[in-house]
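# Working through the structure, step by step
Read off the chains here:
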Amino acid sequence: MNEIENKNIVILEISNLKKSFGEINVLDGFNLTLHKGENIVVLGKSGSGKSVLIKCLVGLLKPDSGKIKIFNKDINNQSAIELDKIRSKIGFLFQSNALYDSMTVKENLEFPLRRHWIKINQLEIDKMILQALYDVGLTHTLNMMPIELSGGMRKRIAIARTLILKPEIILYDEPTTGLDPITGKEIIKLMIEIKNKYNTGSLIISHDMNCVKLASDKVAVLIDGKCFAFGNYQELKLNTNPLVKQFFE
Amino acid sequence: MSSKLYKNMKLGFFVSTGMALLILLLYFIGKNRNLFGSNFVLKARFENVQGLKDGNNVRYAGIDVGSVSKIKFINDTVVEVFMNIENKMKKIIRKNALVSIGTDGLVGNKVVNISSIRKQSPLVQENDVLITRKPIDTDDMLRTLFKTNNDIAIIAENLKQTIMQINESTALWNFLKDDFVPKKLHSFVFNLDVASKKTNLILDDAKIAIDKITNGSGTISTLLYDTVLSNDLRNIVKNINNAGSQADELARKINILTNKIDADINQGYGPIHALLKDSTIVHSINRSMNNIEKATDRFNIYMEALKHNFLFRGYFKKIEKNK
Amino acid sequence: MQNSIRSKTFFNEVGNTSKFIGNFFARFLQPPYEIQEIFKQCYIIGYKSLPLVGLTGFIMGLVLTMQLRPFMIDYGVESQLPAIVGIAIIREIGPVITALIFAGKIGSSIGAELGSMKVTEQIDAMEVSGTNPFKYLVISRVLATTLMLPILIILSDAISLYGSYLGVNIKGSISFNFFWTQIFESLEFRDVIPAYIKTYFFGFAVGIIGCYKGYNSNKGTEGVGSSANAAVVVSSVMIFILDLLAVQISDLLGFN
């Protein structure tokens, strides 16, 4: 895939997004553009509305105003079926992994594939599951329950589940939170590998500077519901604004 | 996949067991109410159905054979009861069967009883109206029962008093206990025996005398000229004969009676029994004795007369001499 | 002030529950149908509850019989024991006790399961994976409880009547056949049908309340616990309220 060609394809465009809960304006005119093959880290304090942002992106939360265009389609104007089809191209890695406790690893991975409008036979499903597990290096856990796995393994399985539908956009919600720094680094490495292998565009929500440093192509700093600063890691590190600077100290 | 199949099988087993039980339950209830199977309808008319309801059982000879399906008014005094009866009963119930309303137990559900009256009649057909008997009203029954109870109480009270009186009466007990009566009876019977022996002796004498007269008839008849006298004499002899046979009869009777009394006493009949016999015995014995006495008196008179008769004087003297 | 807040929360809760129930009816006939999930839930909710329900049913029948027996003897109606116990179990005790046990087991498990799924974003994950979590989780569970509880109650009735048969035979003696004849003789459709129909409502109440409480669970482990607890409490109370309604309605319809 051509690097320049990639840069020209906009896969996600957020413009003037607003969302408030009661009196509190969590998002207040947020703008962001994501291109194919690009990792953008959204940096912000806890409670600054990062999670709200990505939940708005997949339609889990409805924004008050503003536009979200994914593959040039406004997701707020889509029918349920269309929305599902768009969603199938977005991988979402939840902060708490959201592995289904009542299902085995295999069933967890199978779940997104078994949607009524996806027609795949069992053989292909098994192949895709094994491929996804191979990508995260956990093929031996196929028939284990999520509860039997360690935190890092669960994160990997969750990544595998987001990968299984071969998404073009992956949304990571605090991927390294709750993990030790070494495991966190492994996860970050995995994220980079995935980007290189599948040429996906990713939006990474994090306050972990390791993650920002290693995984980001661009960084957006979310302060007061707005995209306060935007640029690559090196640029922002030189930013003199105290609000931005506090993240990089 | 196989475990999924296994789970589905277990679920299937679970669901079908539950459903089967439900169906079975409903079927049995329905069967008890005769909803399934083929039935026919019989009707009966009552003035009062005493709270009979749809679904109450109908019994023939005490066996449930159907249920009440409908109750409706014919007019202001007659209620018609429709009964669903099992088809097989068509071969058993007759047109003249009697229908009544009863109760299952004293306070149980009402039931319709159909009973046979044991007379020939054709078998019932669909929609026949059967003859009814006025139902036994529990109220009436209880009322009667109450009255009967009162009567029984009164009778029992009377009986109690009677028995108490008997218990309190010393006279009766003394009488029953007394051994004087049997003793008296004994001595009486003994006397009777003596009397009858004496009678025998007397009769023996009389017989000898009469034999002699009979034997000597030839001599006597030759001696007789006077026909009147002779007639008199004939009468006298006849009388003597009569008296003899009467005495004979009496003696026989006395003998029987004595035997009877002897048997009674030997068989150990109680004093009351003896007492019962007593009056008749005494009576008849008295009479017999009187008769015997009278007969003997008369015999004596006749004999005396004979002795004084000049024709027999010689004969009598000869007897006396022979002695 | 405190009272007004409390009553506001109460009416808010009632309103939200009604909306939730409305949602259920609006969606449950719409495709897609989660048939596989419904079967799975039927297996978990129905089949897996059978041992517990059977055990309680058995003990219930046995104890009821043994408790009633001395009084029946005192009144000289010992022979009516099977009939009395049969009617009591089929009409009232079987459905209500089984539904309460069911609420305790299934209501709490649904409340806790959905609560923890909510807290750990599994419900969001489902929605993102192109599955309607309401259909997948709520409708399948509510249908399963609605369809399975009546079957459980029928089985429980049968088991408790068997327990009652054993109870009669501990001190007295009655043949198996005669016992059942006695029971079926005393039962009528009007005993069975309303009792059976109301069990569907019990099942629905347990399912929908468990789902509502779980689906709207607060964040944190405490939220999961309290939603499981609330699911049991509210559905148990609902069972009694529905039972009261059922008896009044069947009375109005002349079934009593």
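Residues numbered from 1 in each chain as written. Chains lettered and ligands numbered in written order. Predicted model: local features only at pLDDT ≥ 70, side-chain atom pairs only at ≥ 80, totals over all residues. Heavy atoms only, no water.

## Considering the overall build of chain B
Within chain B, the regular secondary structure consists of eight helices and seven strands. Here chain B, with 323 residues, has 28% of them falling under the buried criterion. Counting only contacts in chain B whose residues sit at least 6 apart along the sequence, the fraction spanning at least 24 positions is 68%. For chain B, the exposed area adds up to about 22,100 Å²; of that, 58% sits on carbon and sulfur atoms. (Helix = DSSP H or I, 4+ residues; strand = E, 2+ residues; numbered from the N terminus. Buried < 20%, exposed > 50% of the residue type's maximum accessible area, 1.4 Å probe, protein only. Contact = heavy atoms within 4.5 Å. Areas by Shrake-Rupley, 256 points an atom, 1.4 Å probe, with all protein chains shown as cover.)

## Things to note about the interface of chain C and chain A
Tallying the contact residues gives 18 residues for chain C and 22 residues for chain A. Contact between chain C and chain A buries roughly 1,700 Å² in total, counting both sides, with carbon and sulfur atoms accounting for 52%. Counting across the interface, chain C meets chain A through three salt bridges. The partner of A:Arg87 in a salt bridge is C:Glu127, with the nearest N and O atoms 3.7 Å apart. For the pair chain C and chain A, the interface holds seven residue pairs in polar contact (both at pLDDT 80 or more). Those elements that provide at least two residues to the side of chain C that touches chain A are helix 4 (81–119) and helix 5 (122–128) of chain C. In terms of residue count, the dominant contributor to the side of chain C that touches chain A is helix 5 of chain C (six residues). Of the residues belonging to the side of chain C that touches chain A, the class tally is six nonpolar, six polar and six charged. (Buried area = accessible area lost by both parts, 1.4 Å probe. Salt bridge = Lys/Arg side-chain N within 4 Å of Asp/Glu carboxyl O. Polar contact = N/O pair within 3.5 Å; in protein donor to acceptor, adjacent residues only side chain to side chain. Nonpolar A, V, L, I, M, F, W, Y, C, P; charged D, E, K, R; others polar.)

## Topic: the pairing of strand 4 (residues 79–86) of chain B
All names here are of chain B. Where burial is concerned, most of strand 4 is hidden: seven out of the eight residues are buried. Across eight bridges, the pairing between strand 1 (residues 39–46) and strand 4 is antiparallel. When the bridges of strand 4 are listed, Phe46 appears paired with Val79. Note that strand 3 (residues 63–73) and strand 4 share seven bridges and pair antiparallel. Opposite Phe73, over in strand 4, you have Val79 as the bridge partner. Between strand 3 and strand 4, which pair antiparallel and follow one another directly, the connecting turn spans five residues. (Pairing = 2+ DSSP bridges.)

## Side note on the confidence of the model for chain A
Counting all residues, the mean pLDDT for chain A is 81, and 96% of those residues have values of 70 or more. Here helix 1 (residues 3–8) of chain A is the element of chain A with the lowest mean pLDDT, 57, and strand 7 (residues 169–173) of chain A is the one with the highest, 87. (pLDDT = per-residue confidence, 0-100.)

## Points about the sheet that holds strand 5 (residues 98–103) of chain B
Residues and elements named next belong to chain B. Judged by pairing direction, the barrel is mixed, and its seven strands sit side by side in the order 1-4-3-2-6-5-7 before closing back on the first. When the angles between neighbouring strand axes are averaged without regard to direction, this sheet yields 40°. In this sheet, strand 7 (residues 128–132) lies alongside strand 1 in parallel orientation, the contact comprising three bridges. Bridge pairing in strand 7 places Ala44 opposite Leu130. (Axes fitted to C-alpha atoms, helices over the stretch in contact; angles between N-to-C directions.)

## Let's talk about the packing of aromatic side chains
According to the stated counting rule, one finds 25 aromatic pairs over all chains in the structure shown. Joined through ring pairs, the aromatic side chains of B:Tyr27, B:Phe28, C:Tyr162, C:Tyr165, C:Phe176, C:Phe179, C:Trp180 and C:Phe184 make up one cluster. Directly above the ring of A:Tyr100 sits A:Arg161, whose terminal nitrogen or CZ lies 4.6 Å from the centroid. Over the face of the ring belonging to C:Phe134 we find C:Arg27, whose NZ or CZ atom lies 4.9 Å from the ring centre. (Phe/Tyr/Trp six-rings, centres within 6.5 Å; stacked < 30°, edge-to-face > 60°. Lys NZ or Arg CZ within 6 Å of the ring centre and 35° of its normal.)

## Observations concerning the side chain of A:Thr183
Residue and element names in this part refer to chain A. Looking at the secondary structure, you find Thr183 in helix 7 (residues 181–198). Residue classification places Thr183 among the buried positions, given a relative accessible area of 16%. Separated by 2.4 Å, the side chains of Thr183 and Asp180 make a polar contact.

## Brief notes about the interface of chain C and chain B
Facing 22 residues of chain C, the contacting portion of chain B comprises 21 residues. Each partner contributes to the roughly 2,100 Å² buried at the junction of chain C and chain B, and carbon and sulfur atoms together form 78% of this total. Three residues stand out in chain C for area buried against chain B, namely C:Tyr43, C:Phe184 and C:Phe189, and they jointly supply 31% of the buried area on that side. Remark: the boundary between chain C and chain B carries one residue pair in polar contact (both at pLDDT 80 or more). A per-element tally of the side of chain C that touches chain B places helix 6 (residues 133–171) of chain C first, with six residues. Counted by class, the side of chain C that touches chain B contains 18 nonpolar, two polar and two charged residues.

## Observations concerning the confidence of the model for chain B
Detailed reading of the predicted coordinates is not advisable wherever pLDDT falls low. On average, chain B scores 76 in pLDDT, and the residues at 70 or more come to 77%. When pLDDT is averaged over each helix and strand of chain B, the minimum, 50, is found for helix 5 (residues 217–223) of chain B and the maximum, 87, for strand 4 of chain B.

## As for helix 5 (residues 122–136) of chain A
Residue and element names in this part refer to chain A. Between its first and last C-alpha, helix 5 extends 21 Å over 15 residues, near the 21 Å set by a 1.5 Å rise per residue. Ile125, Ile129, Ala132, Leu133, Asp135 and Val136 are the residues of helix 5 that are buried. Take helix 5 and look down its axis: the buried residues cluster within an arc of 155°, on one side only. Residues of helix 5 that are exposed and point over 90 degrees away from its buried face: Leu123, Lys127 and Tyr134. Its buried side turned inward, helix 5 meets helix 4 (105–110), helix 6 (151–163) and helix 7. Directly after helix 5, the chain includes Gly137, whose backbone phi takes a positive value near 70°. (Expected span 1.5 Å × (residues − 1). Arc of directions from axis to C-beta.)

## Description of the nonpolar core
Where a protein is soluble and globular, its nonpolar side chains tend to be buried together. Membership of the largest hydrophobic core comes to 82 residues, with the highest contact counts inside it found for A:Leu12, A:Leu171 and A:Leu203. Ranked by residues supplied to this core, first place goes to helix 6 of chain C with 14 residues. Counting contributing residues per domain, this core is built from domain 1 (1–89 + 167–174 + 202–249) and domain 2 (93–166) of chain A, each supplying no fewer than three. (Core = buried A, V, L, I, M, F, W, Y, C linked by side-chain atoms within 4.5 Å. Domains from an automatic or database assignment.)

## Notes on the packing of helix 5 of chain A against helix 7 of chain A
Residue and element names in this part refer to chain A. Taken N-terminus to C-terminus, the directions of helix 5 and helix 7 make an angle of 130°; their axes are 10 Å apart at the nearest point. Taken together, helix 5 and helix 7 sit at an angle that is classed as oblique. Between helix 5 and helix 7, the residues in contact are Gln131, Asp135 and Val136 and Leu190, Lys197 and Tyr198, respectively. (Parallel < 35°, antiparallel > 145°, perpendicular 65-115°, else oblique.)

## As for the sheet that holds strand 4 (residues 65–70) of chain A
One open sheet holds the four strands; their spatial order is 2-1-4-5 (chain A), and the pairing between them is antiparallel. Two strands in the sheet have a free side with no partner beyond their single neighbour: strand 2 (24–35) and strand 5 (73–74) of chain A.

## Overview of the pairing of strand 7 of chain B
Inspection of the sheet shows strand 5 of chain B paired to strand 7 of chain B by two bridges, in the parallel sense. Counted as the bridge partner of B:Leu98 is B:Ile131 from strand 7 of chain B.

## Digging into the pattern of salt bridges
Here the structure, examined in full by the defined rule, presents 24 salt bridges over all chains. We note a salt bridge from A:Lys55 to C:Glu121, for which the minimum N-O separation is 3.6 Å. Taken together, the residues span two chains, with A:Lys55 in helix 2 (residues 50–57) and C:Glu121 in the loop between helix 4 and helix 5. Assigned by exposure class, A:Lys55 and C:Glu121 land together as buried. Where salt bridges share partners, they join A:Lys55, C:Glu121 and C:Asp124 into one cluster.

## A short note on unusual backbone geometry
One non-glycine residue, A:Phe71, lies in the positive phi region at around 50°. The residue A:Phe71 is located in the loop between strand 4 and strand 5 in this model. A positive phi is found at B:Ala61, a non-glycine position, where the angle reads about 55°. With respect to the helices and strands, B:Ala61 occurs in the loop between strand 2 (57–60) and strand 3. Residue B:Ala61 is classed as exposed on the basis of its relative accessible area, which comes to 65%.

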